[in-house]
Amino acid sequence: MSMPQAQDFLDESKALHALLAPLDDGAFGQATTFKAWTFDDVLRHLHYWNWMAWLQLNDESVLVAQMDAIARAGGMRPVEAAHVDDAGGQALLALWIAQAEATAKAYDSADPKARLKWVGPDMSARSSITARLMETWAHGQEIYDQLGVVRQNADRIRNIVVLGINTFGWTFKNRKLDIPETMPNVVLTAPSGEVWTYGEAGGPDRIEGPAEEFCQVVTQTRNVADTSLVVTGPIATQWMGFAQCFAGKPETPPAPGIRKTLEI
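How each quantity is defined
The residue numbering used here restarts from 1 in each chain and proceeds along that chain's sequence as written. At least 70 in pLDDT is required for a residue's local features to be given in this predicted model, at least 80 for side-chain atom pairs to be given and counted, and no such filter applies to totals for whole chains, interfaces and linings, which use all residues. To get the side-chain values, all heavy atoms of the structure are used, and hydrogens and water are removed first. Counting from the N terminus, the helices are DSSP H or I runs at least four residues long and the strands are E runs at least two residues long. As defined in this context, the radius of gyration uses C-alpha atoms, and a globule is described by 2.2 Å times the residue total to the power 0.38. Think of it in three bands: residues with accessible area under 20% of the maximum for their type are buried, residues over 50% are exposed, and the middle band is partly exposed, with areas taken using a 1.4 Å probe on protein chains only. Pairs of residues are marked as contacts when any of their non-hydrogen atoms sit within 4.5 Å. Methods summary: accessible areas were calculated by the Shrake-Rupley approach with a probe of 1.4 Å, and residue burial reflects only the protein chains presented. Site definitions follow a grid-based scheme: protein atoms alone, a 1 Å grid, a 1.4 Å probe that fits but cannot get out for cavities, and for pockets an open set with protein on both sides within 12 Å along at least five of seven lines, plus lining residues having an atom within 4 Å of a point. Grid points are joined across faces, edges and corners, and a volume is the space filled by probe spheres set on the points. Amino acids outside the nonpolar list (Ala, Val, Leu, Ile, Met, Phe, Trp, Tyr, Cys, Pro) and the charged list (Asp, Glu, Lys, Arg) are all regarded as polar, and Gly is one of them. The convention used is that axes are lines fitted to C-alpha atoms, helices contributing only their stretch in contact, and that angles between N-to-C directions extend from 0 to 180 degrees. Roughly parallel covers angles under 35 degrees, roughly antiparallel covers those over 145, roughly perpendicular covers 65 to 115, and oblique covers all other angles. Any two rings among Phe, Tyr and Trp, with Trp reduced to its six-membered ring, count as a pair given centres within 6.5 Å; such a pair is stacked if its planes are under 30 degrees apart, edge-to-face if over 60, and tilted if neither. Definition of nonpolar core: a set of buried residues of the types Ala, Val, Leu, Ile, Met, Phe, Trp, Tyr and Cys, connected through side-chain atoms within 4.5 Å. In what follows, salt bridge is the name for a side-chain nitrogen of Lys or Arg lying within 4 Å of a carboxyl oxygen of Asp or Glu.

Here we look at the overall build of the protein
In terms of helices and strands, the protein carries ten helices and six strands. The C-alpha atoms of the protein give 18 Å as radius of gyration, which agrees with the globular expectation for 264 residues (18 Å, within 12%). Overall, the protein is about 55 × 45 × 35 Å in size when its C-alpha atoms are taken along their principal axes. Across the 264 residues of the protein, 52% fall into the buried class. Partitioning the intrachain contacts of the protein with sequence separation of at least 6 by distance along the chain shows that 68% fall at a separation of at least 24. When the accessible area of the protein is evaluated, it comes to approximately 12,000 Å², of which 53% is carbon and sulfur surface.

Regarding the layout of surface pockets
Empty space among the atoms becomes apparent when a probe as large as a water molecule is rolled across them. By volume, the largest pocket is sized at about 1,600 Å³. Of all elements in the fold, only helix H2 (39-58), helix H4 (76-83), strand S2 (123-124), helix H6 (125-146) and helix H7 (158-166) reach the threshold of two or more residues within the lining of the largest pocket. Class assignment for the residues of the lining of the largest pocket results in 20 nonpolar, 18 polar and twelve charged.

A look at the packing of H2 against helix H3 (residues 60-73)
Where H2 meets H3, the axes come as close as 7 Å, and the angle between the chain directions of the two elements is 140°. Considered as vectors, H2 and H3 are oriented oblique to each other. Side by side, H2 and H3 meet where Tyr-48, Trp-49, Trp-51, Met-52, Leu-55, Gln-56 and Asn-58 of the first sit next to Glu-60, Val-62, Leu-63, Gln-66, Met-67 and Ile-70 of the second. Its residues assigned to classes, the contact of H2 with H3 comprises nine nonpolar, three polar and one charged.

Describing the side chain of Gln-244
If you trace the backbone, Gln-244 turns up in the segment after helix H10 (234-242). Note on Gln-244: relative accessible area 1%, which makes it buried. Discounting residues that sit within four places of it in the chain, Gln-244 has contacts with Thr-167, Trp-170, Thr-171, Asn-174, Arg-175, Val-218, Gln-220, Lys-249, Pro-250 and Glu-251.

Some thoughts on the packing of aromatic side chains
If you walk through the whole model with that rule in mind, you get eight aromatic pairs. Centroid distance Phe-34 to Trp-37: 5.0 Å. Interplanar angle 80°. Geometry classified as edge-to-face. As far as the burial class goes, Phe-34 and Trp-37 line up, both buried. An aromatic cluster of three or more residues is present, and its members are Phe-168, Phe-172, Phe-214, Trp-239 and Phe-242.

As for the environment of Asp-226
In this structure, Asp-226 sits in the loop between helix H9 (211-218) and strand S6 (230-232). Accessibility expressed as a relative area gives 35% for Asp-226, which makes it partly exposed. Considered as a pair, Asp-226 and Ile-258 are 32 residues apart in the sequence and their alpha carbons are 9.1 Å apart. The residues touching Asp-226, leaving out its near neighbours within four places in the chain, are Ala-255, Pro-256, Gly-257, Ile-258 and Arg-259.

As for the environment of Met-76
Tracing the backbone through its elements, the reader meets Met-76 in helix H4. Residues Met-76 and Arg-259, spaced 183 residues apart in sequence, show a C-alpha to C-alpha distance of 24 Å. Apart from the residues lying within four places of it in its own chain, the contact partners of Met-76 are His-45, Trp-49 and Ile-70.

Topic: the nonpolar core
Counting 33 residues, the largest nonpolar core has Met-3, Leu-16, Leu-20, Leu-43, Trp-96, Tyr-107 and Ile-143 as its most contacted members. Among the secondary structure elements, those contributing two or more residues to this core are helix H1 (4-20), H2, helix H5 (89-108) and H6. Looking at which element gives the most residues to this core, the answer is H5, with eight residues. Setting aside residues no more than four positions away along its own chain, Met-3 makes contact with Tyr-107, Asp-108, Ala-110, Pro-112, Ala-125, Arg-126 and Ile-129. Listed in part, the 29 residues of the second largest apolar core include Met-134, Trp-137, Phe-172 and Ala-236.

Observations concerning the pattern of salt bridges
Under the criterion given, the structure shown has nine salt bridges. Put simply, Arg-77 and Asp-41 hold a salt bridge, and the shortest N to O gap is 3.3 Å. Here Arg-77 is found in helix H4, whereas its partner Asp-41 is found in helix H2, with 36 residues between them in sequence. Residues Arg-259 and Glu-142 are paired through a salt bridge, measuring 3.2 Å at the closest nitrogen-oxygen approach. Of this pair, Arg-259 sits in the segment after H10 while Glu-142 is found in helix H6, placing the two residues 117 residues apart along the sequence. According to the relative accessible area criterion, Glu-142 is buried, its value standing at 1%. When salt bridges that share partners are traced, they join Glu-12, Arg-151 and Arg-156 into one network.

Structure, rendered in structure tokens:
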């Protein structure tokens, strides 16, 4: 694909599909540890916003109309459910993966730097499909956890690492805090064993450990206390305490021990 992020998004979607494909319809109604969302809730959410990302490239007028519909409904959940006529289970799974494939195909031929309209500020096409990858990976985590499955990650999570790094300053600004002058040195081990390094070494602040656990913290699917990340220095400690790589109002990370892989 012209944008590697489009293929990465599709591959992550296919991995989640493979996890869910063997389940019967009843299993999709079980609640997860993310706000008690069910598997159906997760898929409706991912499906709708994958479609919205497709609209960014194909029909901006419908995109704007959908934004208005969300405002009138007082939130996205009713609109997400209505979009699939409240479908669930395997029928919903089929709708979701078909849309994921269509969205990935659309971004394959898109200009990575094209500016696209969105709910918040306009964004580049590359940023939009990266956000879809991040959302798929992050919301997939509650499903993996609920099924007692430890996900085998691939190096495509580097997209999420970079998103976490790039939102360092925004995370503080979003909380109306002064942005630290220097970002901590971040040294992460990729699933392949490669070492990814960000920031300048030699300062008092450092974060080191598995890349997937850094991704879990910045997507707020884990409390940093539930990871093996070694966090040193006041700025690094503060950042990892409320890191947020997704848009919207400041969210509070899960308390220690809440988000974890269940023992089945």
